[in-house]
Amino acid sequence: MCRLNDTYNEGKTIGYLNLTYISLSQLNPVINRQSKEYKNKTKSQLVSIERRKTSDARTAAATYIGNCMVKWQDRNCLVGVLNFK
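Residues numbered from 1 in each chain as written. Predicted model: local features only at pLDDT ≥ 70, side-chain atom pairs only at ≥ 80, totals over all residues. Heavy atoms only, no water.

(A) Structural detail: a nonpolar patch on the surface. Side chains of Tyr 16, Leu 19, Val 81 and Leu 82 sit close together on the surface and give an oily, nonpolar patch of about 350 Å² of accessible area. In this fold, Val 81 is placed in the segment after strand S2 (77-79). (Patch = residues over 30% accessible without salt bridge, like charges linked within 9 Å, V, L, I, M, F, W, Y side chains within 5 Å. Areas by Shrake-Rupley, 256 points an atom, 1.4 Å probe, with all protein chains shown as cover. Salt bridge = Lys/Arg side-chain N within 4 Å of Asp/Glu carboxyl O. Helix = DSSP H or I, 4+ residues; strand = E, 2+ residues; numbered from the N terminus.)

Take a look at the structure:
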């Protein structure tokens, strides 16, 4: 486990994740149901599309974090400074 203050005080290296890839709004995309693309879809189709987009976004975020872990193996700590509910 990494405690950020201890790592910072000891002069160890820290890797900071890009927050735009792992933010809550990125992980839970919202579709505009009034757009031309989705206007004529049924409710079940819209739910299916939202689930697929959410799944794709979460997979992309997990892949990004995994790639950072491999790329920054020399870092003592990886940090994603977010306030999750």
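(B) A look at the environment of Tyr 21. Position of Tyr 21 relative to the elements: it lies in helix H2 (residues 19-22). Apart from the residues within four sequence positions on either side, Tyr 21 is in contact with Gln 26, Ala 61 and Tyr 64. (Contact = heavy atoms within 4.5 Å.)

(C) Spotlight on the environment of Val 79. Tracing the sequence through the fold places Val 79 in strand S2. Between the C-alpha atoms of Val 79 and Tyr 16, which are 63 residues apart in sequence, the distance is 4.8 Å.

(D) Region of the structure containing helix H4 (residues 43-71). Taking 1.5 Å per residue as the helical rise, H4 with its 29 residues ought to reach 42 Å, and the 42 Å between its terminal C-alpha atoms agrees with that figure. Within the span of H4, buried status applies to Leu 46, Ile 49, Thr 54, Ala 57, Ala 61, Tyr 64 and Cys 68. Buried residues along H4 sit in contact with H2, helix H3 (24-27) and S2. (Expected span 1.5 Å × (residues − 1). Buried < 20%, exposed > 50% of the residue type's maximum accessible area, 1.4 Å probe, protein only.)

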